[in-house]
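Chain residues, written in single-letter form:
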Amino acid sequence: MHGVHEAGAGVKRTQNLPSAVTCLMILLAAAVLAQAQPAAVPKFDDAAVERGKNAFVAACGFCHGSNARGGEGGPDLIRSVLVLDDEGGKELGAFLRVGRPGSGMPAFDLPSPQVADIATFLHSRVAAAAFRNTYQIGNILVGDAKAGEAFFNGAGGCNTCHSPGGDLVGVGAKYETVNLQLKFLMPRSGGRGPGGRGGPPQGPPINVTVTLPSGETFHGALVRITDFDVTLRDASNVTRSFARNGDVPKVELADPLQHHLDMLTKYTDKNIHDLTAYLVTLK
Amino acid sequence: MTMRFSIGAVFLAATCGALVAQGPLDGSLLGKPPVEAWPTYHGDYSGRHYSTLDQINQSNVKALSLAWLYRINTSKTGAIVGGEGPDDAPAGGNPTIKSIPLMVNGMLYFSAPDHAWAVDARTGQEVWHYYWKTKGGIHIGNRGMGMYNNWLFFETPDCYLVSLDASTGRERWHRQITDVKQEYFCTPSPLIIRNHVIVGMGGDSLDVPGWLESRDPETGDVQWKWYSTPRPGQPGAESWPDIYSMEHGGGMTWQPWTYDPELNLMYVATGNPNPVMAGQSRRGDNLYTASIVALNPDSGKLAWHFQVSPHDTHDWDATQVPVLIDDVLNGQRRKLLANASRNGFYFLLDRTTGKNLVTKPFVESLNWHKGVDALGRPIPDPAKDPKVEGVLVSPNSSGITNWPAPSFNPDTGLFYVGTSQPFSMFYLTDTDARPQGYGAAERQAGALGSYLRAIDYKTGTVVWKHMTQTGAQGLLSTAGGLLFGNDGAGNFIAFDPKSGKPLWHAGIGNDTNAPMTYMLDGRQYVTVGAGDTLFAFYLQ
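Residues numbered from 1 in each chain as written. Chains lettered and ligands numbered in written order. Predicted model: local features only at pLDDT ≥ 70, side-chain atom pairs only at ≥ 80, totals over all residues.

## Quick look at the overall build of chain B
Within chain B one finds two helices and 37 strands. In summary, chain B has a C-alpha radius of gyration of 22 Å against a globular reference of 24 Å for 540 residues, a match within 12%. Here the C-alpha coordinates of chain B stretch approximately 65 × 50 × 45 Å along the principal axes. Looking at the 540 residues of chain B, the share that counts as buried comes to 62%. Expressed as a percentage of contacts within chain B between residues at least 6 apart in sequence, the contacts between residues at least 24 apart total 60%. (Helix = DSSP H or I, 4+ residues; strand = E, 2+ residues; numbered from the N terminus. Rg over C-alpha atoms; globule rule 2.2 N^0.38 Å. Buried ≥ 20, exposed ≤ 12 C-beta atoms within 10 Å, placed from the backbone. Contact = placed C-beta atoms within 7 Å.)

In structure tokens, the structure reads:
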């Protein structure tokens, strides 16, 4: 980055300001920028899905595969336009009564309730592929807890702020494993990515000190900072905002989570897996 | 084909003189710098988002003030109603303005999902509103309209191409582009090249093929289709394991395109391959997804391609604007194409041949590549493909930048782009040999700083960066020594394009697409959408 200079003036970077501020805003950015966002996930009658699955496997599974993704000669039905166009088994039933004899698809004479169940099963499979916020994360506990402990006390530098006998007592029981992993990566992150939407940012705020030309100072949690203004919430929960004009007033920021941000470019994936394996042992 | 426009131009000159009212677009304006019209999404064909206007400039920008604002009206009452959906189709709330208005003969034309408007460019008064009854589809955005003669064209979320009479807003016809039930949805602003209405699409959820097509502006008939994945036997087919994977391989065409009239080539940046994040059923480079391609607009024939993300597994659509730059390098006139991609790399290409000249990261956080290959393409690190146990990758699927238009300013030689540096964990969730949909879950894991960056277009070196609160943002630069953008915290800002120093601002809420500018009655206007409101500024 030879030749780069930063044009943002007047902020004393006690800590890395942009990283911290961006973290507060990233959920907003993701919401604005993701090209595709899931609509509401359709609901299915679990019993009908189960009946439909059994009927499908018996009647259709040999050719189309038990998961309907295609099998011995039969096409993938999750991507079938006919299935996607179907509503409640109506189109599917009409098709099944005739079949497509020329291309090896025989006619099926199934009772309407069974066709409706099969349709429900297929639509549930379509939704399971199309709605990514319903995807289930698998086993992420693959790391070496011993190596994780060494990283915690060594290269990771975690022990400079945290201790297994202190603030982290019971942390392995407190969070689901995935959330535990995300918590140490970025405690302020809302969790789900652009595909799943996030909640509000959590974790400790950025601390800000504003010093007026008179020497009067104000200290609190950073709410907002731009080139033209800064807003904080003080210890008595009062919100104060100040206009900014270059270096006046003086603004100092300190992010207690700065080390977490700095680590993002340093972790290997093995470090992350090992650290996760170690932290889950802190029950 | 050029005859139509010649007739149009004669008509204009004969009947209108100095244009003061609505009327047909003089097609010859499409290839010129935008001054008294802004007749395409990009203003012109180059995608530079640069204006030669300088009435508003560094010496007087402090006096820039509000001319008018127009809050979009989505009421069906009083609207011209069309569409194939039910009468009680949901209106979908107040959409944000992600389109860039066209300005032709004193009238602004713009659209949002299921809606289109004509608004008086002098006064901000609504002239007509068109309401589309939708059949559904993802209502994430609409980039705006295309104009041919007196006809307007826009796409709907349920993937129809609608043509309106610009004078009245009355529908001429609508034609289906593709089937919304296959999870397609349509957002692009159609591009007009002579008598071609170029139309594209989006859709990532069910592994459907992407294509670009050309339609006749009079009838709406398809003139040609170009599939962004090859058909069996065609060049590029070797970059897929089988026919099935390439026919379900994605490559959506959802960002407005650019065009070089001299070369008669249009430049199309394509979306990610499918399944999006589970790559095991599509081993290979997956041409022509996540690529910049040059097509002949008369035939749809491919002239060249350059893939910016071979075998993408992180949803990095390459659909950022392919910006056309003409310059003299080493005493030689060069036709170039610059692109700051979602994957965090800046590319400079020779747009006649597609040959790569520069490939360089323009941020600090990238961790997914292992250098650059002999063709100038980044080499993806397979260790960073989504895994069941999770991998940490920057950028996340939103990318370093995204669809909002960057700006190239020939006065400074700088390419401006809004950036963020997000990280996510990517967890493979579909381990089947034939995964479907996205195939992986993504969870955010923090981010380094967001900046507006100025890149030396010849070298890819970042010359300055200015902190912002969100990343990608729509930009406009002008010969008045101004760069218009926003800080992601609600401020619309005029920056010094040489340093990034803010010179003027107004708190209007977060801009939702690039500003545009035009000259009307001897006065320069700068217009920008923020949320559901369009703002126009001029000098008092």
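## Observations regarding the overall build of chain A
Helix and strand counts for chain A stand at 11 helices and seven strands. For chain A, contacts bridging at least 24 residues in sequence account for 61% of all contacts bridging at least 6.

## Examining the domain arrangement of chain A
The assigned domain composition of chain A is domain 1 (46-130) and domain 2 (207-254). A separation of 62 Å is found between the C-alpha centroids of domain 1 of chain A and domain 2 of chain A. (Domains from an automatic or database assignment.)

## A closer look at the packing of helix α5 (residues 90-98) of chain A against helix α6 (residues 112-130) of chain A
Residue and element names in this part refer to chain A. The N-to-C vectors of α5 and α6 enclose an angle of 115°; their axes lie 9 Å apart at closest approach. Considering the relative orientation of α5 and α6, their crossing is right-handed. Across the interface between the two elements, L92, G93 and L96 of α5 pack against S112, V115, I118 and A119 of α6. Per-class residue counts for the contact of α5 with α6 are five nonpolar, two polar and no charged. (Axes fitted to C-alpha atoms, helices over the stretch in contact; angles between N-to-C directions. Left-handed = near helix turned anticlockwise from the far one by under 90°. Nonpolar A, V, L, I, M, F, W, Y, C, P; charged D, E, K, R; others polar.)

## As for helix α2 (residues 46-59) of chain A
All names here are of chain A. Spanning 14 residues, α2 covers 20 Å between terminal C-alpha atoms, matching the ideal 20 Å at 1.5 Å per step. Buried residues of α2: G52, K53 and F56, and no others. Within α2, the buried residues cover an arc of 105° as seen down the axis, which keeps them to one side. Opposite the buried face of α2, by more than 90 degrees, sit the exposed residues A47 and A58. Elements that come into contact with the buried residues of α2 comprise α3 (61-64) and α6. (Expected span 1.5 Å × (residues − 1). Arc of directions from axis to C-beta.)

## Notes on the sheet that holds strand β11 (residues 171-176) of chain B
Residue and element names in this part refer to chain B. As summarised here, the arrangement of the four strands in space is β8-β9-β10-β11, forming an open sheet in which the pairing is antiparallel. Either end of the sheet is taken by a strand with one partner, and the two such strands are β8 (146-148) and β11. Within the sheet, the average angular offset between the axes of one strand and its neighbour, ignoring direction, is 20°. (Pairing = 2+ DSSP bridges.)

## Some words on the confidence of the model for chain A
Residue and element names in this part refer to chain A. In the predicted model, chain A carries a mean pLDDT of 84, and the fraction of residues at 70 or more is 81%. Across residues 1-38, where pLDDT falls below 50, the model places 104 contacts with residues more than four positions away in sequence or in other chains. In the model, residues 191-200 has pLDDT below 50 throughout and makes 35 contacts with residues more than four positions away in sequence or in other chains. (pLDDT = per-residue confidence, 0-100.)

## Re the pairing of strand β32 (residues 482-486) of chain B
Residue and element names in this part refer to chain B. Taken across its five residues, β32 has five buried, putting it largely inside the fold. Burial along β32 is two-sided: the residues L482, F484 and N486 and L483 and G485 are all buried. Two strands pair when backbone bridges link them, and strand β31 (residues 476-478) and β32 are joined in this way by three bridges, in the antiparallel orientation. In the sheet register, L476 faces β32, and the bridge partner there is F484. Where β31 folds back onto β32 in an antiparallel hairpin, the turn is made up of three residues, including G481, whose phi is positive at roughly 70°. Bridge count between β32 and strand β33 (residues 491-495): four bridges; the pairing is antiparallel. Note that in β33 the partner of N486 across the bridge is F492. The hairpin turn running from β32 into β33, its antiparallel successor, is four residues long, and G488 in that turn takes a positive phi close to 75°.

## Describing unusual backbone geometry
Cis peptide bonds are those with omega within 30 degrees of zero, and the linkage from V248(A) to P249(A) qualifies with -10°. Considering the arrangement of structural elements, one finds P249(A) in the loop between β6 (239-243) and β7 (250-254). A positive phi angle, near 45°, is found at A290(B), a position not held by glycine. Structurally, the position occupied by A290(B) is in the loop between β17 (265-269) and β18 (291-295).

## Thoughts on the environment of T226(A)
Within the element layout of this structure, T226(A) appears in the loop between β4 (217-225) and β5 (229-233). T226(A) sits 52 residues away from Y278(A) along the chain, and the two C-alpha atoms are 40 Å apart. Those residues in contact with T226(A) that sit more than four places away from it in its chain are D487(B), A489(B) and N491(B).

## Looking at the nonpolar core
What tends to happen in soluble globular proteins is that the nonpolar side chains get buried as a cluster. If you look at the biggest cluster of nonpolar residues, it comprises 149 residues, and the most contacted ones within it are Y109(B), M147(B), F415(B) and I455(B). At eight residues, the largest contribution of residues to this core is made by α6(A). For F415(B), the residues in contact, after removing those within four places along its chain, are V323(B), A338(B), A340(B), P406(B), F408(B), I455(B) and Y457(B). Residues Y278(A), M425(B), Y427(B) and L428(B) belong to the second largest nonpolar core, which totals 39 residues. (Core = buried A, V, L, I, M, F, W, Y, C linked by C-beta atoms within 7 Å.)

## Describing the packing of α2(A) against α6(A)
All names here are of chain A. Closest axis-to-axis distance for the α2/α6 pair is 7 Å, and the angle between their directions is 100°. In this view, α2 runs roughly perpendicular relative to α6, as classed from their interaxial angle. Residues A48, V49, R51, G52, K53, A55 and F56 of α2 pack against Q114, D117, I118, T120, F121 and S124 of α6. Tallied by class, residues from the contact of α2 with α6 come to six nonpolar, four polar and three charged. (Parallel < 35°, antiparallel > 145°, perpendicular 65-115°, else oblique.)

## Quick notes on the confidence of the model for chain B
Residues of chain B with pLDDT of at least 70 account for 96%, and the chain-wide mean is 94. Within the model, pLDDT remains below 50 along residues 1-19 of chain B, and this stretch shows 19 contacts once partners closer than five positions in the same chain are excluded.

## Quick look at the pairing of strand β14 (residues 211-215) of chain B
Residues and elements named next belong to chain B. For β14, a buried count of five out of five residues is recorded, marking the element as mostly surrounded by other parts of the structure. Here β14 shows no split at all, with W211, E213 and R215 on one side and L212 and S214 on the other all buried. As judged from the three bridges shared by strand β13 (residues 196-199) and β14, these two strands associate in the antiparallel manner. Residue I198 lies in a different strand from β14, and its bridge partner there is S214. Strand direction decides the pairing type here: β14 and strand β15 (residues 222-227), joined by five bridges, are antiparallel. When the sheet's bridge partners are listed, W211 is paired in β15 with Y227. Hairpin remark: β14 followed by β15, antiparallel, with six residues in the connecting loop; positive phi at G220, about 85°.

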